[in-house]
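# Topology and contacts: notes
Each chain, written out:
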Amino acid sequence: MPIIRIPGMIDPHTHLRDLDWAHKATFQSETSAAIAGGYTAVFDMPNTAPSTTSATLLEEKLARIDQAAHCDWGLYFGASQADNTGEYEDIAARVCGLKIYNNATTGDLLISSRAMRERHYRAWKTNRLIAVHAEGETIINILDLVRKYRQPTHFLHISSQREINLLAAAKNEGLPVSIGVCPHHLFLSEDDLPSLGGFGLMKPELKTKNDQRALWRAIRQDVVDIIESDHAPHTLAEKQSESPAYGVPGVETTLPLMMQAVKDGRLPLQRACDMLSLNVQRAWRIKPFPKTYTIVDTDASFIIERQNLHSQCGWSPFEGARVCGRVREVWIRGHKVYDGERVLSRPGFGHNLFGLAA
């Protein structure tokens, strides 16, 4: 059947910008883009300036996104180098999880000290998971903490064969871990950098074709749990500068890229749908709202073009690619919020999936 229904698509890894970075994108523009991409909810990372590392800053961000979001949402709280563990008890019920940056990334939240990482793990006494940016050998250190504290941990944007092998072994050991992979690591490699230039720069960086093959193999073997966009918009001027910012947009291209992979025989349709919806719901312990789903025409083929994108940044590293899987409708809580061309929900329609927004 060419027309399918995906229940409650959620992107657990986005950087919606707004606040001090509203020139890049806003909660309003990027939740609108997410709906156009088929998503019913998105979770926003804490490293947009000002970083979400205190209860006060969290309250300000909650109020801002609550007024602006077109789709449902969640916010991460950021582990801080300055030790903000004393805030955890007060904020845990209102966020989708704790984010710990263990390797270089955009912003100022890098925690390179093993002792400080453990301090955060020890203090996070809640059923909300911990999401980690961990690359290479750092993964070994984080797995030691998971083994010690048994805290459910999601490993974001895994990009190399070495990393996926370490995490596959952790799963075989029975550790409470889940694994996310991004489309840019699945469909682009370091071989594309000469043509992409600054538009191909992100963290973690693009890897080798061999790493890419390892990620696809892990998807086919059910090792990878979630396809996440790591949506990170920057302006055209920032990406075309002499020192391009790291990050690429992705909420509007993730679904069609995965549908194209299904058409090409790289994975089964149900597997692709589960990694975009049900697996996210399970990992974050979300009971999805009724009448919340996306209708996709899997036979509809189109070319990704910047003039058709809703994201404020107005570009994609996948421009010119032919994909299939056009979003025909998106419904959230019984309300049609997308008709295949227009976003129909108003700013503020979205709900916080994790506690009260205000």
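The rules we used
- Residues numbered from 1 in each chain as written.
- Predicted model: local features only at pLDDT ≥ 70, side-chain atom pairs only at ≥ 80, totals over all residues.
- Heavy atoms only, no water.
- Axes fitted to C-alpha atoms, helices over the stretch in contact; angles between N-to-C directions.
- Helix = DSSP H or I, 4+ residues; strand = E, 2+ residues; numbered from the N terminus.
- Parallel < 35°, antiparallel > 145°, perpendicular 65-115°, else oblique.
- Left-handed = near helix turned anticlockwise from the far one by under 90°.
- Contact = heavy atoms within 4.5 Å.
- Nonpolar A, V, L, I, M, F, W, Y, C, P; charged D, E, K, R; others polar.
- Polar contact = N/O pair within 3.5 Å; in protein donor to acceptor, adjacent residues only side chain to side chain.
- Buried < 20%, exposed > 50% of the residue type's maximum accessible area, 1.4 Å probe, protein only.
- Pairing = 2+ DSSP bridges.
- Core = buried A, V, L, I, M, F, W, Y, C linked by side-chain atoms within 4.5 Å.

Before going further, it helps to spend a moment on the packing of helix H1 (residues 27-36) against helix H2 (residues 55-68). Where H1 meets H2, the closest approach of the two axes is 9 Å, and the angle between their N-to-C directions is 55 degrees. By the angle between their directions, the pair H1 and H2 is classed as oblique. Taken as a pair, H1 and H2 cross one another with a handedness that is right-handed. Two secondary-structure elements touch here, H1 through Phe27, Gln28 and Thr31 and H2 through Lys61, Arg64, Ile65 and Ala68. The residue inventory of the contact of H1 with H2, partitioned by class, reads 3 nonpolar, 2 polar and 2 charged.

Looking at the element boundaries, Arg128 is found in the loop between helix H4 (114-123) and strand E6 (129-133). A polar side-chain atom of Arg128 sits 2.9 Å from the main-chain carbonyl oxygen of Ala93.

The element strand E5 (residues 97-101) is largely enclosed, with a buried count of 5 among its 5 residues. For strand E4 (residues 72-78) and E5, the ladder comprises 3 bridges, and the chain directions are parallel. Bridging across to E5, Phe77 finds its partner in Leu98. As judged from the 5 bridges shared by E5 and E6, these two strands associate in the parallel manner. If you follow Ile100 over to E6, its bridge partner there is Val132.

In this structure, Phe155, Ile164 and Leu267 are the most contacted members of the largest nonpolar core, which totals 78 residues. Once residues lying within four places of it in the same chain are set aside, the contact partners of Ile164 are Ile158, Ile179, Ala214, Leu215, Ala218, Val223 and Val224. Core analysis: the second largest hydrophobic core is formed by 16 residues, Ile10, Phe43, Tyr101 and Phe354 among them.

This paragraph deals with the sheet that holds strand E11 (residues 322-332). The strand order E1-E10-E11-E12 describes an open sheet built from 4 strands, whose pairing is antiparallel. Lying at the two open borders of the sheet, with one neighbouring strand each, are strand E1 (3-7) and strand E12 (335-338). Here the average twist between neighbouring strands, direction ignored, is 35 degrees. With 3 bridges connecting them, E11 and E12 associate as antiparallel partners. Pairing of Ile332 across the sheet is with His335, part of E12.

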